[in-house]
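In case you want the letters, here they are:
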Amino acid sequence: MKNLLLSILVILFFVNCAKETNNRTTEELYVPPFGENNSIELVTWNIETFPRTGNTVAKVSEIIQFLEVDFIAFEEIISEASFEDLLEKLPGYDGVSAHSLSGFDAYGDMATAFIYDTSVISVQSYQLLFTNDNYA
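Remarks on the environment of Glu36
- Residue placement: Glu36 occurs in the loop between α1 (2–17) and β1 (42–50).
- Taking the relative accessible area as the measure of exposure, Glu36 reaches 49% and is therefore partly exposed.
- As for Glu36 and Glu68, which are separated by 32 residues in sequence, their C-alpha atoms are 7.8 Å apart.

Details of the packing of helix α2 (residues 56–67) against helix α3 (residues 80–88)
- Closest axis-to-axis distance for the α2/α3 pair is 9 Å, and the angle between their directions is 40 degrees. By the angle between their directions, the pair α2 and α3 is classed as oblique. The crossing of α2 and α3 is right-handed. Facing α2, whose interface residues are Val57, Val60, Ser61 and Ile64, α3 presents Ser82, Asp85 and Leu86.
- Within the contact of α2 with α3, the residues separate by chemical class into four nonpolar, two polar and one charged.

Notes on α2
- Over its 12 residues, α2 runs 16 Å from end to end, which matches the ideal 16 Å to within 8%, given 1.5 Å per residue.
- Listed as buried for α2 are Thr56, Val57, Val60, Ser61, Ile63, Ile64, Phe66 and Leu67.
- Looking at the buried residues of α2, the elements they touch are β1, β2 (71–77), α3, β3 (93–97) and β4 (111–117).
- One or two steps after α2, the chain reaches Glu68, where phi turns positive at roughly 55 degrees.

Remarks on the environment of Leu129
- The topology assignment puts Leu129 in the segment after β4.
- In sequence terms Leu129 and Ala98 are 31 residues apart; their C-alpha atoms lie 9.9 Å from each other.

Section: a nonpolar patch on the surface
- A cluster of nonpolar side chains, Ile40, Leu42 and Val120, forms an exposed patch at the surface whose accessible area comes to about 300 Å².
- With respect to the helices, strands and loops of the structure, Ile40 is situated in the loop between α1 and β1.
- Taking relative accessible area as the criterion, Ile40 reaches 54% and is therefore assigned exposed.

A closer look at the nonpolar core
- Phe50, Ile64, Phe74, Ile77, Phe83, Leu86 and Ile115 are the most contacted members of the largest nonpolar core, which totals 19 residues.
- Elements supplying a minimum of two residues to this core: β1, α2, β2, α3 and β4.
- When residues of this core are assigned to their parent elements, the largest contribution, five residues, is made by α2.
- In this view, Phe83 contacts Phe50, Phe74, Ile77, Gly95, Val96, Ser97, Ala113, Phe114 and Ile115; residues no more than four positions away in its chain are not counted.

Examining the pairing of β1
- As paired elements, β1 and β2 share six bridges and run parallel to each other. If you follow Asn46 over to β2, its bridge partner there is Glu75.
- What joins β1 to β2 is α2, and the crossover it makes is right-handed.

Parameters and conventions
- Residues numbered from 1 in each chain as written.
- Predicted model: local features only at pLDDT ≥ 70, side-chain atom pairs only at ≥ 80, totals over all residues.
- Heavy atoms only, no water.
- Helix = DSSP H or I, 4+ residues; strand = E, 2+ residues; numbered from the N terminus.
- Buried < 20%, exposed > 50% of the residue type's maximum accessible area, 1.4 Å probe, protein only.
- Axes fitted to C-alpha atoms, helices over the stretch in contact; angles between N-to-C directions.
- Parallel < 35°, antiparallel > 145°, perpendicular 65-115°, else oblique.
- Left-handed = near helix turned anticlockwise from the far one by under 90°.
- Contact = heavy atoms within 4.5 Å.
- Nonpolar A, V, L, I, M, F, W, Y, C, P; charged D, E, K, R; others polar.
- Expected span 1.5 Å × (residues − 1).
- Patch = residues over 30% accessible without salt bridge, like charges linked within 9 Å, V, L, I, M, F, W, Y side chains within 5 Å.
- Areas by Shrake-Rupley, 256 points an atom, 1.4 Å probe, with all protein chains shown as cover.
- Salt bridge = Lys/Arg side-chain N within 4 Å of Asp/Glu carboxyl O.
- Core = buried A, V, L, I, M, F, W, Y, C linked by side-chain atoms within 4.5 Å.
- Pairing = 2+ DSSP bridges.
- Right-handed = clockwise from strand over helix to strand, strands pointing away.

Right, here's the structure in full:
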């Protein structure tokens, strides 16, 4: 009897805590935008072996557009071609991957990458750090 009562209380707790929202959603996930016009938003994302599936580029593009952030630093970019596809799907954004920098030997073929909103951030030049220390 105690287990039944406890189960009912837990279910009621979660039902009462549910919150309906009219924020933008995708079919599979909810991503709240948090970008604002009077600040610069920086995000880091260990995207874990990007791209994982055939629709990863499209989903990541959708998430980035929903977030409305200014700068994203990625970890574990495996495919430079997929990263370039991602940039093509993001009008108003530009970026660079460590794969694209000449002479870089990515640790286990994974690299870092950056995407930024070109209406907010202007990049004149960039330099890869730790070129002799892939673990760093």
